[in-house]
Amino acid sequence: GAFGHAVELAEACGALGHAAANKSCGIYATYLEADARAQQAVFNEAIERAERAIEILPFDPNSHYFLAFNLGRYSQSISVIKALGEGIGGKIQTSLSNALELQPDHAEAHTAMGMYHAEIIDKVGKMVGKLTYGASTDKALEHFERALELTPTSPIAHIEYGNGLYLLYGDDRLDDVTDLYVRATELQP
C-alpha cells in the first residue's frame, strides 16, 4: 500500500526497477488517485518509464507489458475519441504482442490482451474492431482462458474476465460474470 515509497525504492534500482515502479504507479492511479489530472500524470510518468525500459531492456517482457498496462489505464481515464486519436489502441496491442512473444506464458499479458479485445469491441463494435484493430470475441475469450489456466488462483484474472464478458455480452452472460466475481472473492491473492 505504500505505492509512492515503492516507486522511490524501484527507481533507486535504475532501469531494472521499472516493473515494480510501473505496477505501483498503475495500481495507485487506478484505484486510489481521485483527481483525474493527477491520475493521468501518474499514468504518463509510468508510460515514459516503460518506454525508457523498452529502449534499455528490449527483451524484457515486462518492459512491454507495463507500457501496455499503463497506456490502457490512461486510455480509460480519457475520452474514447482522444484515445483513438492518439493511436493508443495500436500501441497497446503492439506492446502486449511483444510481451507475449517474449514470454508466451505471461498471465497478466494474456488478461490484458483479453481486455484489449473486449474493450475495442465494446467501444467500436465487432466489425470495425476486427477490421481496424484485429479485435475479436474469440481472441478475447482465448486470452482470458489462458490467463486462468496460468493463474487459476488469481483474483484479478477472474475479475477482469468477468469485466470482459460483460463488455462483450452485457446482461446475456450476467450469470457467468457473477460466477467469476464470486470466485474472485473466494481466492487468496
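Asker: Just to check I follow, could you spell out the packing of helix α4 (residues 61–76) against helix α6 (residues 88–102) for this structure?
Answerer: Helix-helix packing is characterised by the crossing angle of the two axes and by the distance between the axes. Running from amino to carboxyl end, α4 crosses α6 at an angle of 155 degrees, the nearest separation of the two axes being 8 Å. Between α4 and α6, the angle is such that the two are roughly antiparallel. Two packed elements cross with a definite hand, and for α4 against α6 that hand is left-handed. Across from Pro61, His64, Tyr65, Leu67, Ala68, Leu71, Gly72, Tyr74 and Ser75 in α4, the residues of α6 making contact are Ile88, Lys91, Ile92, Ser95, Leu96, Asn98, Ala99 and Leu102. Its residues placed into classes, the contact of α4 with α6 shows eleven nonpolar, five polar and one charged.

Asker: Help me out: how do you make sense of the pattern of salt bridges in this one?
Answerer: Enumeration over the complete set of coordinates arrives at eight salt bridges. With a shortest N-O distance of 2.8 Å, Glu108 and Lys23 are connected by a salt bridge. Of this pair, Glu108 sits in helix α7 (residues 107–124) while Lys23 sits in helix α2 (residues 18–31), placing them 85 residues apart in sequence. Residue classification places Glu108 among the partly exposed positions, given a relative accessible area of 34%. Asp105 is the salt-bridge partner of Arg146, the closest N and O atoms lying 2.6 Å from each other. In this pair, Arg146 sits in helix α9 (residues 137–150) while Asp105 sits in the loop between α6 and α7, placing the two residues 41 residues apart along the sequence. Three or more residues are tied together by salt bridges with common partners; here these are Glu11, Glu45 and Arg49.

Asker: I would appreciate a short explanation of α9 in the present structure.
Answerer: Helical geometry: 3.6 residues make up each α-helical turn, so side chains three or four residues apart lie on a common side. For α9, built from 14 residues, the straight-helix expectation of 20 Å at 1.5 Å per residue is met to within 8% by its first-to-last C-alpha distance of 20 Å. Buried positions along α9 lie against α6, α7, α8 (126–133), α10 (155–169) and α11 (174–186).

Asker: Can you help me understand α11 in this one?
Answerer: Relative to the 18 Å expected for 13 residues at 1.5 Å per residue, α11 spans 18 Å between its end C-alpha atoms, a close match to the ideal helical length. Regarding α11, the residues found buried are Val177, Leu180 and Ala184. The buried residues of α11 occupy an angular sector of 65 degrees when projected down its axis, which confines them to one face. Away from its buried face, by an angle of more than 90 degrees, α11 presents the exposed residues Asp175, Asp179, Thr185 and Glu186.

Asker: Mind showing me how you'd approach the packing of aromatic side chains here?
Answerer: Two descriptors summarise a pair of aromatic rings, namely the distance from one centre to the other and the angle between the planes of the rings. Taken as a whole and assessed by the stated rule, the structure comprises five aromatic pairs. Ring geometry for Phe3 and Tyr28: centres 6.4 Å apart, planes at 50 degrees, overall tilted. Of this pair, Phe3 sits in helix α1 (residues 3–12) while Tyr28 sits in helix α2, and the two are 25 residues apart along the sequence. Judged by its relative accessible area of 27%, Tyr28 is partly exposed. Sitting over the face of the ring of Phe69, Lys23 holds its NZ or CZ atom 5.9 Å from the ring centroid.

Asker: For this particular structure, what's the right way to read the side chain of Thr137?
Answerer: Looking at where Thr137 falls in the secondary structure, it is placed in helix α9. Note on Thr137: relative accessible area 11%, which makes it buried. Non-local contacts of Thr137, meaning those with residues more than four positions away in its chain, are made with Ile121, Lys126, Leu168 and Tyr169.

Asker: Any chance you could explain the side chain of Asn22 here in plain terms?
Answerer: Position of Asn22 among the secondary structure elements: in helix α2. Here Asn22 falls in the buried class, since its relative accessible area comes to 0%. For Asn22, the side chain forms a polar contact with the side chain of Arg49, separated by 2.5 Å. Setting aside residues up to four positions removed in sequence, Asn22 forms contacts with Ala46, Arg49, Ala50, Phe66, Phe69 and Asn70.

Basis of the calculations
Residues numbered from 1 in each chain as written. Predicted model: local features only at pLDDT ≥ 70, side-chain atom pairs only at ≥ 80, totals over all residues. Heavy atoms only, no water. Axes fitted to C-alpha atoms, helices over the stretch in contact; angles between N-to-C directions. Helix = DSSP H or I, 4+ residues; strand = E, 2+ residues; numbered from the N terminus. Parallel < 35°, antiparallel > 145°, perpendicular 65-115°, else oblique. Left-handed = near helix turned anticlockwise from the far one by under 90°. Contact = heavy atoms within 4.5 Å. Nonpolar A, V, L, I, M, F, W, Y, C, P; charged D, E, K, R; others polar. Salt bridge = Lys/Arg side-chain N within 4 Å of Asp/Glu carboxyl O. Buried < 20%, exposed > 50% of the residue type's maximum accessible area, 1.4 Å probe, protein only. Expected span 1.5 Å × (residues − 1). Arc of directions from axis to C-beta. Phe/Tyr/Trp six-rings, centres within 6.5 Å; stacked < 30°, edge-to-face > 60°. Lys NZ or Arg CZ within 6 Å of the ring centre and 35° of its normal. Polar contact = N/O pair within 3.5 Å; in protein donor to acceptor, adjacent residues only side chain to side chain.

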